[in-house]
Amino acid sequence: SRQIAEVSSSPIPQPDSAQASAMPAEEIPKLRWLVFGCGGVGGYFGARLAQQGQEVSFMSRTATLAALQKHGVRIKSICGDLTVPPEKLGALIDTGALGKAQAEEPSAKKAKIADVFEADVIVLGCKAWEAERCLAMCRPWCGKDTLVLPLQNGVEGFDKVKNIVTSWGIGHALAGCCNIVSAIQEPGMIRHWGADPPYITFGEFGGEPSAKTKQVQAIFENCPGMAGHLELEAMPKIWEKFAFICSTTAVGAVSGPIATQDVIGNTPELQQLWRTCMMEIITLARSYGLKYEDEWLENRVNMLKQAVGATTSCSRDLWAGKPSEVDDLLGSVVRMGKEKGVPTPSISTLFTTLLMREKLARSEAELPIYPLLEGQKVLGTICNHKGQQLPPQWTKEQKKAEDFKRPEWFICPMSSCILSGGNVEVPAGVQMAWEVELGVVINKACANVSKEQAMDYVGGYCVVLDMTGLSIGFEQMKYGLSWTRNKVTASFKPVGPFMKASQVADPENLTLICKVNDKEVTRDTTKLMKFTIAEQIADASALTPLQRGDILLTGAGSLGKLELGDIVEGFIEGMDSKYTVRAKMVAAKSSL
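Described below are features of the structure shown in this document. (Residues numbered from 1 in each chain as written. Predicted model: local features only at pLDDT ≥ 70, side-chain atom pairs only at ≥ 80, totals over all residues. Heavy atoms only, no water.)

Here's the deal with the overall build of the protein chain
In plain terms, the rule: Put simply, DSSP H or I for four residues or longer makes a helix, DSSP E for two residues or longer makes a strand, and each gets a number counted from the N terminus. Only protein chains enter the accessibility calculation, which uses a 1.4 Å probe; a residue is then buried when its area is under 20% of its type maximum, exposed when over 50%, and partly exposed in between. When checking whether two residues touch, look at their non-hydrogen atoms; a contact exists if any pair is within 4.5 Å. Here, Shrake-Rupley sampling with a 1.4 Å probe gives the accessible areas, and only protein chains in the shown set may cover a residue.
Scanning the protein chain from N- to C-terminus turns up 19 helices and 27 strands. Split into buried and exposed, the 592 residues of the protein chain put 56% on the buried side. Considering only intrachain contacts with a sequence separation of at least 6, the fraction spanning at least 24 residues in the protein chain is 75%. A total of about 25600 Å² of accessible surface is found on the protein chain, and carbon and sulfur atoms cover 51% of it.

Details of the nonpolar core
Put simply, the test is: We call a set of buried residues a nonpolar core when its members are Ala, Val, Leu, Ile, Met, Phe, Trp, Tyr or Cys and they connect through side-chain atoms within 4.5 Å of each other.
Counting residues in hydrophobic clusters, the biggest one holds 45 residues, and the most contacted among them are W239, F242, W274, I281, L330 and I347. Of all the secondary-structure elements, those providing two or more residues to this core are β9 (175–186), α9 (234–255), α11 (268–287), α12 (294–306), α13 (313–319), α14 (326–340) and α15 (345–361). Counting residues per element, this core draws most heavily on α9, which supplies 11 residues. Once you skip the residues sitting within four places of it in the chain, F242 turns out to touch G154, V155, I281, D328, L329, S332, V333 and M336. In terms of nonpolar packing, the next biggest core, distinct from the first, is built from 43 residues, I418, A454, C514 and V581 among them.

Let's talk about the packing of aromatic side chains
Note the cut-off: In summary, the pairing rule links any two rings of Phe, Tyr or Trp, Trp by its six-membered ring, whose centres are within 6.5 Å, and it sorts them by plane angle into stacked for under 30 degrees, edge-to-face for over 60 and tilted for everything else. Criterion for a charge above a ring: Arg CZ or Lys NZ at most 6 Å from the ring centre, at most 35 degrees from the ring normal.
All chains considered together, the criterion is met by 8 aromatic pairs. Centroid distance W33 to F220: 5.9 Å. Interplanar angle 35°. Geometry classified as tilted. Here the residue W33 occupies a position in strand β1 (residues 32–36), and F220 occupies one in helix α8 (residues 211–221), the gap between them amounting to 187 residues. The same class applies to W33 and to F220, which are both buried. Taking 5.2 Å as the distance between ring centres and 75° as the angle between the ring planes, the aromatic pair formed by Y292 and W296 counts as edge-to-face. Each member of the pair, Y292 as well as W296, is classed as buried. Over the aromatic face of W193 sits the side chain of R191, whose NZ or CZ is 4.2 Å from the ring centroid. Note that R300 overlies the ring of F244, its terminal NZ or CZ placed 4.3 Å from the centroid.

Brief notes about α9
What counts, and what does not: For a helix, the expected span equals 1.5 Å multiplied by the residue count minus one.
In a regular helix each residue adds 1.5 Å, so 22 residues correspond to 32 Å; α9 covers 32 Å between its end C-alpha atoms and thus fits that length. Burial within α9 is extensive, with 19 of its 22 residues counted as buried.

A look at the environment of R275
For R275, the position within the fold is in helix α11. Residue classification places R275 among the partly exposed residues on the basis of a relative accessible area of 21%. For the pair R275 and L297, spaced 22 residues apart in the sequence, the C-alpha separation amounts to 8.3 Å.

Overview of unusual backbone geometry
A cis amide bond links D196 with the next residue in sequence, P197, at an omega value of 0°. Of note, P197 is situated in strand β10 (residues 189–203). The residue S363 is not glycine, and still its phi comes out positive at about 60°. For S363, the position within the fold is in the loop between α15 and α16 (371–374). The phi dihedral of C383 is positive, around 55°, even though this residue is not glycine. Assignment of secondary structure puts C383 in the loop between β12 (377–381) and β13 (409–413).

Concerning the sheet that holds strand β25 (residues 560–562)
Adjacent strands of a sheet form backbone hydrogen bonds with each other and so pair up, either parallel or antiparallel. The following threshold applies: Criterion used throughout: strands pair if DSSP finds at least two bridges between them.
Taking strand neighbours across the sheet as the criterion, the 3 strands line up as β19-β16-β25 in an open arrangement whose pairing is antiparallel. Strands at the two margins of the open sheet, each flanked by one partner only, are β19 (468–469) and β25. One ladder, built from 2 bridges, connects strand β16 (residues 432–434) with β19; its direction is antiparallel. By the bridge assignment, M432 is partnered in β19 with G469.

Here we look at the pattern of salt bridges
Applicable threshold: Any carboxyl oxygen of Asp or Glu within 4 Å of a side-chain nitrogen of Lys or Arg constitutes a salt bridge here.
One pass over the full model with this rule turns up 23 salt bridges. Between E435 and K487 there is a salt bridge, with its nearest N and O atoms 2.9 Å apart. One end of the pair, E435, is in the loop between β16 and β17 (436–442); the other, K487, is in helix α18 (residues 484–488), and 52 residues separate them in sequence. Residue classification places K487 among the buried positions, given a relative accessible area of 2%. Residue R582 is joined to E569 by a salt bridge in which the shortest nitrogen-to-oxygen separation is 2.6 Å. With R582 in strand β27 (residues 581–587) and E569 in strand β26 (residues 567–572), this pair connects stretches of sequence that are 13 residues apart. Bridged by salt links that share partners, the residues E435, D466, K487 and K493 form one connected network.

Notes on the environment of F117
The topology assignment puts F117 in the loop between α5 (95–104) and β6 (119–124). Judged by relative accessible area, F117 falls into the buried class, the value being 9%. On a C-alpha basis, the gap between F117 and G143 in space is 8.8 Å, while along the polypeptide they are 26 residues apart. Dropping the residues within four chain positions of it, F117 is found in contact with R32, W33, L34, S57, A91, P140 and W141.

Description of the sheet that holds strand β8 (residues 172–173)
The 6 strands lie next to each other as β5-β2-β1-β6-β7-β8, forming an open sheet whose pairing is parallel. Both outer strands of the open sheet, β5 (92–94) and β8, are each paired with one neighbouring strand and no more. Bridge count between strand β2 (residues 55–60) and β5: 3 bridges; the pairing is parallel. Bridge assignment links F58 to a residue of β5, and that residue is L92.

Regarding helix α3 (residues 42–52)
The element α3 is largely enclosed, with a buried count of 10 among its 11 residues. Every buried residue belonging to α3 is among G42, G43, Y44, F45, G46, A47, R48, L49, A50 and Q52, and all of these are buried. A positive backbone phi angle near 115° is found at G53, which sits one or two residues after α3.

Some thoughts on the packing of α11 against α15
Applied cut-off: Between N-to-C directions, angles cover 0 to 180 degrees, with each direction set by a line fitted to C-alpha atoms, over the stretch in contact for helices. By the definition adopted for this analysis, an angle is roughly parallel if under 35 degrees, roughly antiparallel if over 145, roughly perpendicular if from 65 to 115, and oblique otherwise. All residues other than Ala, Val, Leu, Ile, Met, Phe, Trp, Tyr, Cys, Pro, Asp, Glu, Lys and Arg, Gly among them, are scored as polar; the first ten of these are nonpolar and the last four charged.
At a minimum axis distance of 8 Å, the contact between α11 and α15 shows a crossing angle of 110°. By the criterion of interaxial angle, the relationship of α11 to α15 is roughly perpendicular. Contacts from L273, T276, C277, E280 and I281 in α11 reach P345, S346, I347 and L350 in α15. When grouped by side-chain class, the residues that make up the contact of α11 with α15 number 6 nonpolar, 2 polar and 1 charged.

In structure tokens:
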């Protein structure tokens, strides 16, 4: 809330800045801003600057860039909604194309890059571990007097930012951080639901603020929906936020999504653990000669209790299986603690418990994947074998595989799956059918993956029995409705053991065999797939974000009827029998 923002920072009393809040619009400085990233931080503050009348350019890529070009930047906020149309924005710079150009021409000469101008302020709205790469992209827009304002979490990276900018021989780095609870709702749209108003804390690394730094503060003070706190000594306030974010992430990320900030603050055991983490970081800050006032800790306790439903972005990234800032936060505390001889046992332990998640997200560790434990969903392709045709009595239109321009999917939750060796529980009166399919197991979170990159997200494979209820659900298809009941009923997806990707030399040249009561009933081949595995991953990841352990079913070439008591097996010809999937058809227990 607003009270929290005031407690967390004490702005420098400056006559010029005080007067700036009452400045007529024509007297407010007009600067050119380059904002790297249009996420929860860069998108929000960039939009508020544009709303004030500043010239704001964004650096983004792919779906976000397309959304900005079409709709501009959109904010859904407790401080008031806002849309800045594309014509009210400055240049929209494609970081994908820029990265390629800089790779081909490392010096990144301005003449070879479009839309280059000399920015007055460069704002880094990226994650902490991305700062060095993002700074390299921003270099062509830096002039002699350009300010570089980093808004990352963490404190270790400030020296790196300062040293990089100094090495350019132009520009001037500031220290900065922000306080906001926000996230990307969809590309180009930011949802803000905590911190009223959000604020940026910033200042010089040493000495009095420059004239341009004071101009930035004057602009922040006149921006609706945000505040700026220019500090004579910025680092204590940055460490104050750092301690809070680290401790809250440590306790919240380990405890899980149910441990939102208000839950941590109002649960005695969790609050005590959080306080212990805070004191470790406060002691570390004081070892560097930085001020941390005792009342700041109690103010943060009150902040926790009021932050209903709030979680840190680092926690959300960890839960989603994405690369996170956990090393820049908790890892840095551990490293600095060792350097200064300050014990950090609680932070160290919690960091260790989260480390494997981070390594998996960054492909720095390889572990077997357990889809039923780690995955969220199964996506199955429909009519994905060349020459296939959906029966006309079951479909609104008689469709052939060749008619599909892209994969068509049904989706079921992982709770519909059972382990190999289990029972398929058949509802009374339902005629069941077998299908044997190759399951592609996703190894890390992804969305909007290109066909060229798609196979990098394949952790391995499994054989799946895609059991189908012939007499439920198909009648809905006559009217163009979904396949939910005949595919998603609990136990209808027996899943075989996981095979590493390296164990399957050519997944698009496999023979899948199905046996019923030990009698072979089909030999399907993945060579007949209409859409390749890479095409399926690209399309599915554009439809919905994929998580580690999710399974994509590549389709079956045939199906056949089953009876109660039948034992069904599916396997890949030539593979070890331990990867066979088996299930028995049994009558479902009465729900009464």
